[in-house]
Amino acid sequence: MSQQGYVATPPYSQSQPGIGLSPPHYGHYGDPSHAGSPPGMMKPAGPLGAAAPGGMSPQVPSPPGPHQFGQNGAHPQGHPPQRFPGPPPVNSAAPSYAPYSPSTQSSYPSPASTASVTQLASQLNAMHINSSGMALPGQGLPGPPAPLFQGLPRPPQPSIMQPGSQVLPPPPTALNGPGVSPLPSSTHRQDGLPGPAPLNAQYQPPPIPGQTLGTGYSPQQAASYGPQMAGGQLSYPGGFPGGPAQMAGPPQLQKKLDPDSIPSPIQVIENDRATRGGQVYATNSRGQVPPLVTTDCVIQDQGNASPRYIRCTTYCFPCTSDMAKQAQIPLAAVIKPFATIPSNETPLYLVNHGENGPVRCNRCKAYMCPFMQFIEGGRRYQCGFCNCVNDVPPFYFQHLDHIGRRLDHYEKPELSLGSYEYVATLDYCRKNKPPNPPAFIFMIDVSYSNIKNGLVKLICEELKTVLEKLPKEEQEETSAIRVGFITYNKVLHFFNVKSNLAQPQMMVVTDVGEVFVPLLDGFLVNYQESQSVIHNLLDQIPEMFADSNENETVFAPVIQAGMEALKAADCPGKLFIFHSSLPTAEAPGKLKNRDDKKLINTDKEKVLFQPQTNVYDSLAKDCVAHGCCVTLFLFPSQYVDVASLGLVPQLTGGTLYKYNNFQMHMDSQQFLNDLRNDIEKKIGFDAIMRIRTSTGFRATDFFGGIFMNNTTDVEMAAIDCDKAVTVEFKHDDKLAEDSGALIQCAVLYTTIGGQRRLRIHNLSLNCSSQLADLYKSCETDALINFFAKSAFKAVLHQPLKVIREILVNQTAHMLACYRKNCASPSAASQLILPDSMKVLPVYMNCLLKNCVLLSRPEISTDERAYQRQLVMTMGVADSQLFFYPQLLPIHTLDVKSTALPTAIRCSESRLSEEGIFLLANGLNMFLWLGVSSPPELIQGIFNVPSFAHINTDMTTLPEVGNPYSQTLRMIMSIIQQKRPYSMKLTIVKQREQPEMVFRQFLVEDKGLYGGSSYVDFLCCVHKEICQLLN
Ligand SMILES: [Zn+2]
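Residues numbered from 1 in each chain as written. Predicted model: local features only at pLDDT ≥ 70, side-chain atom pairs only at ≥ 80, totals over all residues. Heavy atoms only, no water.

Q: Help me get a handle on the overall build of the protein chain, residues and values and all.
A: Secondary structure assignment for the protein chain yields 22 helices and 35 strands. Residue burial in the protein chain is summarised as follows: out of 1030 residues, 64% are buried. Contacts in the protein chain between residues at least 24 apart in sequence constitute 78% of all its contacts with a sequence separation of at least 6. (Helix = DSSP H or I, 4+ residues; strand = E, 2+ residues; numbered from the N terminus. Buried < 20%, exposed > 50% of the residue type's maximum accessible area, 1.4 Å probe, protein only. Contact = heavy atoms within 4.5 Å.)

Take a look at the structure:
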C-alpha cells in the first residue's frame, strides 16, 4: 500500500496478459443440496433458520382460516367488457438498444423457403380450428367444474384444432380429416380466438367437416413485404370490435392454415382486459386465479397476497403426487416480495409487537397469519401449516365472536391480510445488535478507454445529481445511506471524503492479490455532510486520470474491496461498479478471452455460460454472507466474459446492465436512466427468505438472484422491487381438498433506514383430485416464467438440444394429459388446448427460440450470457414481455385518446408498408417504418419531409410540438414505466439492413437462423401429443 495525496498519480506499470486460471467449477449455486458454508460471518440462523419438521403427517384436517374460502375461485364480477380506445399523453422514454452487430448482409434472405411454405400448406390443408365458445374443459368428467369466472363474458373455451398430425419437414402423410366437432364455434375474430365474447355473441355454426376456415395467408409469406402482406386484414387497433363480423372468413375451402385461426396471445390478453381490466380484484378466495399480468386492475388484499407479490403456475394443486406426475404441470410460485405497489393500492402495514416480537407457531415457526385458527375461546390457535395447537401468548389474547373469529380480526393486519410487515426484534439481527444503515459504494473503472470516451466524466457528473436522491425511509428527511468512492484500473484508489477535509484524499492499494481497506474513517460518509468534498472529488476524478494510459483492469479485487469496506463498517450495502473490459491484469479473478463459436451446438456449449474461474463463485458467497449486493454497469466494446463477470451480481441480488459499444451521444441517456432508477429503487438488504407450506408439499427448488447454504434458507445480499424468486413445489404426501395448500413467504431484511423487518406474504391455493380443476386454474405467463428459469439454469449443465427436447416433450405431455383426461370425447386427431393454456405453445416456442437456448450467428456469447442472467430474476410481467414483445401500430394512433393502441401479433404478416409500428420487449424498443409510411406522420414524428430524410441514428425521438409526436413519446414512456431496464430505441426503416435485428423479435415467424414459426411449432407439438395419446 502506498499512501498519497489525492493529486498523486499512482505508479502505473504494464502488466502481462494472463496465466494460471482455475478450471471452471460450477454448478452448486442455488442448488439446495449444496451444503458448504461460507467462511466468515453467517446469517443469523435463529428465527428463520429453525426448520420445520419435514414431512409431518397431517393430524387434523386444518379448518379453513378465518376467511370464508370460496371454492374454485368462482368470483363473479359482472364487468362489462372494456375497449381500449386510443392513445394517451406524456414525455419521452429515451431508451436505447444494445446493437447486435448484425453481419453485413445488405439484402436479407428470405426467412422461409417457398418450398417449405408450400409443403406446410399442403400438410395443413386439412387442419382447422374450431374455437368453440362454449365447451367447458371439464365436460364429461364427474362433477364438471364451474367456469372460472362465473357471470363473466369469458366462457372457458378449449381451442380445438384438427391438424394433420405431421410436422413441417416430413411429407404430408396421414392427414387426419378434421373430426366432427361436437362444439359450436363462437365468434371468430381476426386473431382466431373467440373474441371478448360480447354478451350478445351469436354463436356461429361449426365449420363443416373437411373444410377449413378463412382465406388466410401463409404465415411464412413474409420474405418480401408489400402487397401480398396481410393488407386489409391487419389487426389494427379496433381490430377487436365486438361483433361476429370479424370472422376469419366463411367456412370454405382453404389451402393453408390460417394464422388467424390459431390461438392468439393478443386476443387472450385483450379478452382478459375486457373482462377484468380496471376492476377491483379482491384476494378473498382461496385458489382464485388472478387477472393476467397484462391486465391493469386494482388489487385489494383480503387475506391472500396480491398477485403483484406472488403468482402461481396453477392455483389448484393436484391432491396426489401421482396426479402431479400424470399432468406434469410444474407446481411453482413466482415471488416478488418487494414488488412496487401502485399509489391507488394500500401499502403494507407494519405490525409492531415490541419486545414480544411476531407471534409464531411453536413447531413450524410460521408467522401469525389468516391461516391460523383460533380455538378454545381464543386461548389457543391451530397452525394452518403444521396443524400444531399453540397457546396464544398472554399479550396477544383476544376473545372470539360468535363465528369463532377474534374480535380484533380487522384491527390486526396479520389476522386479516395476505401481506404485512413485522418489526423484527434483536433476535432477528446479526449478533443481536440493530443493524447499521446500508452503504452505497461507487466503483469506477478509470482505465484509458473510459477516460477517453468521456464515460468517467459522465458518471462523475451524474453522481452529483443522483446522490441527492438516495432512497430514504418515508418518514425521514434525509437518507441514512452512507456513500463511498473507489476508482480502479489495475490498482485500487480509495478516497477519503470526510466532511472536515478541504480536499479529498486518495489512498492507493497496489496489492490486488489480497485487498484490504486502507482507511475506515472518512471512506463511508453521509452525503449531505460531505457534499462539498464529494463534489470536489467527482470534479477531479476525470482529470486525475486524464493522462493515464493504463488499459488493463482488475475485477474480482474491486468487488473484494467493496465487500471488505462494508464488512469493516459492519453494514450491508450495494456496490455500483462501472466496468468496461475483460480483467486481464494479474490478480485473482483474472480472465482470458475464451469465447469460442465452435462450441456452439456441441455438448460443450454449456461451458460458454459457466464462469471461467471459481474465484467469482466464492466471492459471491462471501458477498452474500456480508450483505454486499453488487450491481454492474458494463460497457463492453468486445468480449468481456459476462458469464464470469455477471456471476457475483446475479448471486447477490444485484443487476447487470450492459451497453455494447457505448457511444456517448447515442447511449448515455439509456445508461443514466438505468443508473438513476437503480439508485432510487426500493430495496431490502441482508435478506433471508423462507417458504413455509402446509403439510403434504414443500418447496424443493429455487431460481433467482439467490444463494443457498442449505435446502430451505434463501439468502440474498439484497432484493429489490424488480427481482423475483421462482419456487418449485413437490408433494411429499397427499393434499386434502378441504384444507387446500397454504404458502407463507417470510423475508427477513434490513431496510434502507437500517431497520430489521420481516415481510410476510401468505397465499392459499385449492387442491383437487380432478385434473380438470388443475388445468382450469393454470396461469400460462407464470408457467413460462418457470420453464424459462429452469431451462436457463439447466444450460449450465446440459446440452441445449436436450433442454429444448425436454421443453417440447413436457409441453406435449401437459396438453396430452388434458386431452386424454379432461376434454370431451372427440376425434383423436384434434388438438385441444385447455382454456388456461391456449397460448402455451406460442409462448413456449418463443422461449425455445430465445438466443440462450438457440444460438444465432449474430448474437454474441456475452449477449446470451447476459440474457440468461436477466431472465433468472425476472418476475412474470417482465418475462411475458421479454418472450412475447409488445407490437403496437402507431399509424392508427388516436391523438385524442389516452389509451395505448391495441397490440398486434408479432409476425411480419401483421406489418404493412403504409404503417409505423413500435415494438418493445423490456430491453429494446424498435420503431419500424414502412416504406410507404404516411408523410404527415413522418413529419409529425421526425420533423422531416419524407421517409428518405429520416435519420436512423437517433436513440430518442425529437420533441416535435405536435400531437403525433407527443402521443407517441407518451406511449413510449408508458411502456417504459415499471420496467427495470431502460429500453434503447432503434429506428428501423423497412428494407434497410437493421431490419434484420428487428425481425428476430417477430416471434411468431420462423427465425432467420432457425427456430420454428408458431404454426410449425403447433404442428410439432400436436404430433407429439398424438404419439403420446397412442
Ligand atoms: Zn405450525
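Q: Break down the sheet that holds strand β25 (residues 697–703) for me, citing the residues and quoting the values.
A: With antiparallel pairing, the 4 strands of this open sheet are ordered in space as β8-β10-β28-β25. Edge positions in the open sheet fall to β8 (310–312) and β25, since each of these has one partner strand only. Going from strand to strand, the sheet's axes swing by 25° on average, the running direction of each strand aside. Direction of pairing for β8 relative to strand β10 (residues 332–335): antiparallel, over a ladder of 3 bridges. Counted as the bridge partner of R311 is V334 from β10. (Pairing = 2+ DSSP bridges. Axes fitted to C-alpha atoms, helices over the stretch in contact; angles between N-to-C directions.)

Q: I'd like a description of the coordination of the zinc ion, backed by residues and values.
A: Note on the zinc ion: its protein donors are C361 (SG), C364 (SG), C383 (SG) and C386 (SG). The metal-donor distances range over 2.3 Å. Geometry at the zinc ion is tetrahedral, judged from the 4 donor atoms that bind it and their angles of 99 to 115° at the metal. Every donor residue of the zinc ion comes from the same chain, spaced as C-x2-C-x18-C-x2-C. Note that C361 is positioned in the loop between β11 (350–351) and β12 (373–375) and C383 in the loop between β13 (380–382) and β14 (389–391), a separation of 22 residues in sequence. Like C361, the residue C383 is buried in the burial classification. (Donors = N, O, S within 2.8 Å, 3.2 Å for Na, K, Ca; no water. Tetrahedral: all angles 85-135°; square planar, octahedral: opposite > 155°, others 65-115°.)

Q: So what about the pairing of strand β21 (residues 573–579)? Which residues, and what values?
A: A large share of β21 lies buried, amounting to 7 of its 7 residues. Where burial is concerned, the two faces of β21 agree: the one with G573, L575, I577 and H579 and the one with K574, F576 and F578 are both buried. Taken together, the 6 bridges between strand β16 (residues 439–445) and β21 define a ladder with parallel strand orientation. What sits directly across from A439, in β21, is G573. With 7 bridges connecting them, β21 and strand β22 (residues 628–634) associate as parallel partners. Of the residues in β22, the one forming a bridge with G573 is C628.

Q: Before we move on, can you summarise the sheet that holds β12 with the specific residues and values?
A: With antiparallel pairing, 3 strands are arranged side by side in an open sheet as β12-β13-β14. The open sheet has two edge strands with one neighbour each: β12 and β14. Adjacent strand axes in the sheet meet at a mean angle of 35°, parallel and antiparallel pairs treated alike. In the sheet, β13 pairs with β14 via 3 bridges, with the strands oriented antiparallel. The residue of β14 that forms the bridge with R380 is D391.

Q: Break down the confidence of the model for the protein chain for me, with residues and values.
A: Of all residues in the protein chain, 75% have pLDDT values of 70 or greater, and the mean over the chain is 80. Low pLDDT (under 50) marks residues 1–157, which in the prediction has 493 contacts with non-local residues, meaning those over four places away or in another chain. This stretch, residues 162–255, has a pLDDT under 50; its non-local contacts, to residues over four places away or in other chains, come to 277 contacts. (pLDDT = per-residue confidence, 0-100.)

Q: So what's going on with the nonpolar core? Residues and values would help.
A: F485, F671, L927 and F942 are the most contacted members of the largest nonpolar core, which totals 208 residues. The element best represented in this core is helix α15 (residues 800–821), accounting for 10 residues. The residues touching F485, leaving out its near neighbours within four places in the chain, are F442, L463, L467, H493, F494, F495, V497, F523, I534, L537 and L538. (Core = buried A, V, L, I, M, F, W, Y, C linked by side-chain atoms within 4.5 Å.)

Q: Any details on the side chain of S768? Residues and values, ideally.
A: By the secondary structure assignment, S768 is in strand β30 (residues 756–768). Within polar-contact distance, the side chain of S768 engages the side chain of D773 at 2.5 Å. Leaving out residues up to four positions away in the same chain, S768 has contacts with C316, F317, P318, C319, M323, E737 and D773. (Polar contact = N/O pair within 3.5 Å; in protein donor to acceptor, adjacent residues only side chain to side chain.)

Q: Describe helix α2 (residues 265–276), listing the residues and the values that go with them.
A: Compared with an ideal rise of 1.5 Å per residue, which puts 12 residues at 16 Å, α2 spans 16 Å between its outermost C-alpha atoms and is within 8% of the ideal. The element α2 is extensively covered by neighbouring structure, given that 12 of its 12 residues are classed as buried. All buried positions along α2 are accounted for by P265, I266, Q267, V268, I269, E270, N271, D272, R273, A274, T275 and R276. Each element contacted by the buried residues of α2 is listed here: β6 (280–282), α16 (840–849) and α18 (876–883). Following α2 by one or two positions, G278 has its phi on the positive side, about 70°. (Expected span 1.5 Å × (residues − 1).)

Q: Describe the packing of aromatic side chains, naming the residues involved and giving the relevant values.
A: Applying the stated criterion to the full structure yields 36 aromatic pairs. Judged by centre distance (4.6 Å) and plane angle (10°), the rings of F633 and Y657 are stacked. Linking F633 in strand β22 with Y657 in strand β23 (residues 656–658), this pair joins segments that are 24 residues apart in sequence. Accessibility classification places F633 together with Y657 in one group, the buried group. Cluster of aromatic residues (ring-pair linked, three or more members): F578, F633, F635, Y657, Y659, F662, F671 and Y981. Taking the ring centre of Y396 as reference, the NZ or CZ of R406 above it sits at 4.3 Å. The side chain of K989 reaches across the aromatic face of F947, ending 5.2 Å from its centre. (Phe/Tyr/Trp six-rings, centres within 6.5 Å; stacked < 30°, edge-to-face > 60°. Lys NZ or Arg CZ within 6 Å of the ring centre and 35° of its normal.)

Q: Residue-level account of the pairing of strand β18 (residues 492–496), with values.
A: Counting buried positions along β18 yields 5 of 5 residues, so the element is predominantly enclosed. With burial as the criterion, each face of β18 is covered, one bearing L492, F494 and N496 and the other bearing H493 and F495. Sheet topology note: the strand β17 (residues 482–488)/β18 ladder contains 3 bridges and is antiparallel. Looking across to β18, one finds that I486 is bridged to F494. Connecting β17 to the next strand, β18, in antiparallel fashion are 3 residues. Relative to strand β19 (residues 505–509), β18 is paired through 5 bridges, and the arrangement is antiparallel. Bridge pairing in β19 links F494 to M507.

Q: Residue-level account of the packing of α16 against helix α22 (residues 1014–1029), with values.
A: A pair of packed helices is characterised by two quantities: the angle between their axes and the separation of those axes. At a minimum axis distance of 9 Å, the contact between α16 and α22 shows a crossing angle of 105°. Classified by the angle their axes make, α16 and α22 are roughly perpendicular. Mapping the contact onto sequence places P841, V842, M844, N845 and L848 in α16 and Y1014, F1017 and L1018 in α22. Considering only residue class, the contact of α16 with α22 consists of 7 nonpolar, 1 polar and no charged. (Parallel < 35°, antiparallel > 145°, perpendicular 65-115°, else oblique. Nonpolar A, V, L, I, M, F, W, Y, C, P; charged D, E, K, R; others polar.)

Q: Can you break down the environment of E914 residue by residue, with the values?
A: Here E914 is to be found in the loop between β32 (886–889) and β33 (916–920). For E914, a relative accessible area of 45% gives the class partly exposed. Separated by 16 residues in sequence, E914 and G930 place their C-alpha atoms 5.4 Å apart. If we skip the residues at most four places from it in the chain, E914 touches H891, S932, S933 and P934.

Q: Before we move on, can you summarise the packing of helix α6 (residues 455–466) against helix α7 (residues 531–544) with the specific residues and values?
A: Where α6 meets α7, the closest approach of the two axes is 8 Å, and the angle between their N-to-C directions is 170°. In this view, α6 runs roughly antiparallel relative to α7, as classed from their interaxial angle. Contacts between α6 and α7 involve V456, K457, C460, E461, L463 and K464 from the former and H535, L538, D539, I541 and P542 from the latter. Grouping the amino acids of the contact of α6 with α7 by side-chain chemistry returns 6 nonpolar, 1 polar and 4 charged.

Q: Go over α7, please, and point to the residues and values.
A: Between the first and last C-alpha of α7 there are 19 Å, a value that for 14 residues agrees with the 20 Å anticipated at 1.5 Å per step. Within α7, burial applies to V533, I534, N536, L537, L538, Q540, I541, P542 and M544. Check the buried side of α7 and you find it contacts α5 (448–452), α6, β17, β18, β19 and β20 (525–526).

Q: An account of the pattern of salt bridges is requested, with residue identities and associated values reported.
A: Under the criterion given, the structure shown has 42 salt bridges. E462 is the salt-bridge partner of R676, the closest N and O atoms lying 2.5 Å from each other. Of this pair, R676 sits in helix α12 (residues 664–680) while E462 sits in helix α6, placing them 214 residues apart in sequence. Given a relative accessible area of 26%, R676 falls into the partly exposed group. Taking relative accessible area as the criterion, E462 reaches 7% and is therefore assigned buried. Between E863 and K658 there is a salt bridge, with the nearest N and O atoms lying 2.8 Å from each other. Of this pair, E863 sits in helix α17 (residues 861–872) while K658 sits in strand β23; the two residues are 205 residues apart in sequence, bridging distant segments of the chain. (Salt bridge = Lys/Arg side-chain N within 4 Å of Asp/Glu carboxyl O.)

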